[in-house]
Amino acid sequence: MNITDPITIALTKGRILKETLPLLAKVGIEPSEDLDASRKLIVPTTLTNVHLVILRGSDVPTYVKHGAADIGIAGKDMLLEFGGEGIYEPLDLGIARCRLMTAGPRLSQTTQAPRRRIRVATKFLNIARAHYAEKGIHADLIKLYGSMELAPLMGLADEIVDIVDTGKTLEENGMVPLELIAEVSSRLIVNKASMRTRHASVRMLVDALEEAVGAQE
Ligand code: PRP
């Protein structure tokens, strides 16, 4: 692939990275060092003009929106929570699939009538606010940064809004999934200015990745 413009791709460590690397490899982009071993945040690749930057998932949309990265790979949950406005989302990569759900303690489901006012622990404040508002439920939101499943167990909240993958974390903590808010997968996002000024290179990358995703399905 002949990428003639300098292109920076923002990625996040963990599951997204693990599932993204094989896709990038298919289009001829491989990090020039082992990302698990390296602490480098800007990593050159086998394509001279293409660099990877490794960020927190919640920061990927911000870097792409401001053009610090031309392209990013971000979970739909992050795009819903931190805003997908001002960026293109041309491709669903179909990887890192999971569900954004509300969940609550198993026992309370049978013993409690639906309430108009509840306490909800989550790191997805915007998504939770919109969800409960739509249902006409007054939700007092409590911001947490991880281990949301603990909050109802400790009496901090009645429900949580969190990512559910296998459902094992909920089950092992006596909780059940309640309502589906959104199906989540990783999306390719593109800075709007980059799409114009580096059009040929960005387009080539998007098309190649689209083909790689199609071949995987
Ligand atoms: C996510 C999520 C749940 C867990 C769900 O956490 O917050 O805790 O995965 O997975 P399961 O349904 O397969 O049990 P993650 O490990 O991504 O860490 P986080 O707490 O930093 O979000």
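Here, every reference points to the structure presented above.
Only a predicted model underlies this, so the values are computations on that prediction, with no experimental measurement involved.

Student: Now, about the overall build of the protein chain: what can you tell me, with residues and values included?
Tutor: Tallying secondary structure elements over the protein chain gives nine helices and eleven strands in all. Summarising its shape, the C-alpha atoms of the protein chain cover approximately 60 × 35 × 30 Å along the three principal directions. By the burial criterion, 44% of the 217 residues in the protein chain qualify as buried. As displayed, the protein chain has an accessible area near 11,200 Å², and 52% of this comes from carbon and sulfur atoms. Mean positive and mean negative side-chain charge positions of the protein chain (26 and 28 charges, respectively) differ by 5 Å.

Student: For the pairing of strand β9 (residues 159-164), give the residues involved together with the corresponding values.
Tutor: Taking burial as the measure, the six residues of β9 include five buried ones, the bulk of the element. In the sheet, strand β6 (residues 98-105) pairs with β9 via five bridges, with the strands oriented antiparallel. Paired with leucine 100 across the bridge in β9 is isoleucine 163.

Student: Can you tell me about the packing of aromatic side chains, naming the residues and giving the values?
Tutor: Within this structure, the stated rule accounts for zero aromatic pairs. Seen from the ring of tyrosine 88, lysine 192 lies directly overhead, with NZ or CZ sitting 5.3 Å from the centre.

Student: Talk me through the site of the ligand; I want residue IDs and the actual numbers.
Tutor: In the vicinity of the ligand, the contacting residues are Lys123, Gly146, Ser147, Glu149, Asp162, Ile163, Val164, Asp165, Thr166, Gly167, Lys168 and Thr169. Between the ligand and glutamate 149, the relevant distance is 2.8 Å, taken from an oxygen atom to a side-chain nitrogen or oxygen of the residue. At 2.8 Å, a backbone N or O of aspartate 165 approaches an oxygen atom of the ligand. When the ligand is considered free in solution it has 490 Å² of accessible area, and contact with the protein chains removes 61% of it. In this structure, the ligand is accommodated by the largest pocket.

The rules behind the values
- Residues numbered from 1 in each chain as written.
- Predicted model: local features only at pLDDT ≥ 70, side-chain atom pairs only at ≥ 80, totals over all residues.
- Heavy atoms only, no water.
- Helix = DSSP H or I, 4+ residues; strand = E, 2+ residues; numbered from the N terminus.
- Buried < 20%, exposed > 50% of the residue type's maximum accessible area, 1.4 Å probe, protein only.
- Areas by Shrake-Rupley, 256 points an atom, 1.4 Å probe, with all protein chains shown as cover.
- Lys, Arg positive; Asp, Glu negative; His and termini not counted.
- Charge placed at Lys NZ, Arg CZ, Asp CG, Glu CD.
- Pairing = 2+ DSSP bridges.
- Phe/Tyr/Trp six-rings, centres within 6.5 Å; stacked < 30°, edge-to-face > 60°.
- Lys NZ or Arg CZ within 6 Å of the ring centre and 35° of its normal.
- Near = heavy atom within 4 Å.
- Polar contact = N/O pair within 3.5 Å; in protein donor to acceptor, adjacent residues only side chain to side chain.
- 1 Å grid on protein atoms, 1.4 Å probe; cavity = no way out; pocket = protein on both sides within 12 Å on 5 of 7 lines; lining within 4 Å.
- Sits in = over half its atoms within 2 Å of the grid points.

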